[in-house]
Amino acid sequence: MSVGKKKRGNYIGLGVASVGILIDLFYFGFEYIELGGGKMAEHFIEELPEHLVISSMIILFPLLGYILTLHLNQRDIYERQLEEQTELTSGIFQTVGVPIFTLNRDYRLEDMNKSGKELFSFREGDGQKLFSHPQDLWDIVDRVNKEGTYEGEVYLQGREGPIPTHMSVRSLKDSRGGLKAYIFAARNISAEKEKEDLKKRMFQAEKLASVGDLAGGIAHEINNPLTTVSLTTEKLMEEYYGDDRLRGKLQKIKGKVDRASDIAREMLSICQPYKQDIDNLQLEELVQSALDTLEVPEGVKVNIDVGEIELMADEVQMRRVLINLILNSIQAMPEGGELNINAWKMDGKVIIEIADTGEGISREVEDKIFDPFFSTREVGIGTGLGLSVAHSIISSHHGKIEVESERGKGTTFTLTLPFNPKEKSHLYITKT
Amino acid sequence: MYNILIVDDDEEICTTLKEIFEEEEDYQAEYVTSGEEALKVMNEKNYDVVISDLMMPKVSGMDLLTSVKRNQPDAEVVMITAFGSVENAVEAMKKGAVDYIEKPFKLSDIRTSIKRVLEEAKFKKKYKVMLEEAKDEEVGKILKNIANPIRRNALYSIYNQDKMSFTSIKNEHQISDPTKLSFHLRQLKSSGLVAQDGSRKYYVTPKGEKIIDILKAFGAI
């Protein structure tokens with residue numbers, strides 16, 4: 001094709017050069033036939049300017065043809081180069097392992113490469129639908145419009161749910177400098193995330209195990225003296241029933257002993273070897289019985305949608321997890337709000353979500369939230385062990401517990417449990 | 001007069017419990033601080049109730065339970081367990097312990113437990129002949145099953161209300177420990193006295209109704 005194009009330039013140049021020669025030939029040929037050879041020279045002198053102009057064509061046209069040939073050939077080279085460039089770019093676009101797509105000025109999907117098509121089922125229409133959190137698109141566009149580029153972590157809607165990606169975005173301008181499109185390169189980082197996640201969970205489990213062992217040892221030791229103090233105080237309160245002053249003081253002791261007992265209980269919960277009595281449980285019944293043991297404040301509206309889900313788990317331990325998480329949610333909403341408990345089944349796993357509309361927590365708190373004795377509440381409220389206990393129990397059921405929070409909007413705890421913990425999955429870590 | 005034996009390696013708990021029991025007119029309490037000693041004193045004397053710590057060095061509460069059930073089957077055993085070892089306590093109940101309480105426990109916990117245990121012992125004593133004479137092994141098993149007051153009362157209230165959910169039984173009988181209730185309901189279910197419908201509500205089976213008729217006839221409920 002390029003050879004043909006090169007020839008085309010040559011032919012056009014040759015054609016143009018021939019036109020001048022042909023005009024001269026025809027013109028002077030006519031005059032020769034009309035006047036004859038003798039008068040030709042005389043006539044040439046008589047109309048000298050006109051004849052000179054005609055004669056000059058024999059030089060001008062070939063010159064024009066030559067210039068035209070050069071120009072056309074150069075243009076063909078450029079075109080060819082552009083074609084090659086386009087081919088290369090499109091080749092890279094299609095073969096690169098990173099999903100790339102473009103959105104036009106109206107944020108509609110324009111183009112998507114092969115990698116993108118493999119990862120996303122989305123093919124056309126509103127680009128916002130590609131984003132797990134639609135607001136992300138507007139934040140990115142804002143940044144690109146201001147700074148020209150964007151780099152960051154964004155969740156996109158994959159074929160089987162949200163996919164974490166590392167995204168690079170830039171805008172594409174037309175020849176007049178106006179906005180033409182946005183180019184998005186979104187590298188799938190699920191594997192890295194999973195690895196990071198696993199590392200984090202293993203670290204968490206190890207930390208819990210070591211702190212748990214220590215805490216458990218202490219708790220065992222203080223359990224006996226606590227029992228004696230508690231029983232003796234209660235007995236004294238009975239004996240001195242009429243003495244209000246003494247009873248008030250004893251009540252104070254009892255309150256503190258009860259609190260110490262609660263802490264000892266929780267400490268034992270995070271260290272116990274978790275011998276499990278696995279049974280087939282009705283989730284709804286379990287949630288209900290957990291709620292029954294708690295005092296839900298009037299301002300908190302509880303919505304339960306767990307369907308008819310059953311799971312294989314230890315009833316006592318699972319109830320404890322629910323109680324601890326629900327209590328945490330209730331405490332996060334001192335002004336009231338909504339507590340949503342949802343559950344569904346997916347790929348042989350049971351997913352339970354406990355979400356509040358409370359104050360939410362920061363990233364730093366999120367990282368420490370399962371640490372024993374970590375608490376953001378005032379001293380004296382809660383033991384700081386509830387979520388550690390939940391974490392330990394879920395780990396021992398070969399499940400995982402995750403927290404997601406947004407300041408001012410609320411916090412969601414997500415439990416992912418294998419339907420039957422006896423069928424271990426490599427994804428889940430085991431407390432040893 | 002009921003004879004109670006307290007077994008715990010913490011002597012202070014033993015003395016406190018002894019003091020609590022001796023306030024009651026018809027309780028006579030003694031204590032020992034190890035499983036070995038318990039085995040020794042039990043060779044010489046019969047007890048109505050043995051309250052034993054589960055976690056003890058050498059002879060554990062579980063070992064003691066096995067020995068009691070073999071040598072003094074009439075003695076009822078209550079386990080004291082540390083919180084978090086409820087699984088072990090449930091295991092003990094499967095092996096014949098009649099109740100368990102979690103350390104650190106409250107005065108009311110231990111009093112309620114002993115009251116229940118003695119009620120069960122009384123029931124068993126009263127219907128001892130019937131229990132022993134029951135030719136049908138299954139009938140004997142059922143009678144033993146409902147000797148426990150929690151099970152007997154739960155069965156009766158389910159019968160009276162037609163159908164009851166786990167939560168409503170728990171509330172009616174004011175049982176704060178769902179594990180305990182769940183254990184007892186499972187026992188009732190396994191002996192075929194109650195069953196659960198599609199919405200997991202408990203109801204009394206025809207067999208259960210027959211047993212209630214018998215209990216009524218004997219004035220046991």
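Read on for an overview of the structure.

Looking only at helices and strands, one finds ten helices and twelve strands in chain A. Among the 432 residues that make up chain A, the fraction classed as buried is 41%.

Next up on the list: the nonpolar core. The biggest cluster of nonpolar side chains holds 40 residues, and the ones touching the most others in it are Leu-283, Leu-311, Met-318, Leu-325 and Ile-326 of chain A. Looking at this core, the elements that each hand over two or more residues are α7 (283-292), β8 (310-314), α8 (315-331), β9 (337-346), β10 (349-356), α10 (386-396), β11 (400-406) and β12 (410-418) of chain A. With residues up to four places along the chain from it excluded, the contact list for Leu-325 of chain A reads Ile-354, Leu-387, Ala-390, Ile-401, Phe-413 and Leu-415 of chain A. Ile-150, Phe-166, Leu-188 and Ile-212 of chain B belong to the second-largest nonpolar core, a separate cluster that totals 25 residues.

Now for the pairing of strand β4 (residues 76-82) of chain B. Residue and element names in this part refer to chain B. Most of β4 sits inside the fold, with seven of its seven residues counted as buried. Along β4, one buried face is formed by Glu-76, Val-78, Ile-80 and Ala-82 and the opposite face, lined by Val-77, Met-79 and Thr-81, is buried too. Here strand β3 (residues 49-53) runs beside β4; their pairing, made up of five bridges, is parallel. Paired with Ser-52 across the bridge in β4 is Met-79. Crossover handedness for the path β3 to helix α3 (residues 61-71) to β4: right-handed. With five bridges joining them, β4 and strand β5 (residues 99-103) adopt parallel strand pairing. Residue pairing in the sheet places Val-78 in a bridge with Asp-99 of β5.

With respect to the secondary-structure elements, Lys-249 of chain A resides in helix α6 (residues 244-271). Taking the C-alpha atoms as reference points, Lys-249 of chain A and Met-237 of chain A, twelve residues apart in sequence, are found 9.5 Å from one another.

A few words on the pairing of β10 of chain A. All names here are of chain A. The buried fraction of β10 is high, at six of eight residues. Relative to β10, β9 runs antiparallel, the two sharing eight bridges. In the strand pairing of β10, Asn-342 is matched with Glu-353. Between β9 and β10, which follow one another and run antiparallel, lie two residues, and Asp-347 among them has a positive phi close to 50°.

Reading the values: rules and limits
Residues numbered from 1 in each chain as written. Chains lettered and ligands numbered in written order. Predicted model: local features only at pLDDT ≥ 70, side-chain atom pairs only at ≥ 80, totals over all residues. Heavy atoms only, no water. Helix = DSSP H or I, 4+ residues; strand = E, 2+ residues; numbered from the N terminus. Buried < 20%, exposed > 50% of the residue type's maximum accessible area, 1.4 Å probe, protein only. Core = buried A, V, L, I, M, F, W, Y, C linked by side-chain atoms within 4.5 Å. Contact = heavy atoms within 4.5 Å. Pairing = 2+ DSSP bridges. Right-handed = clockwise from strand over helix to strand, strands pointing away.

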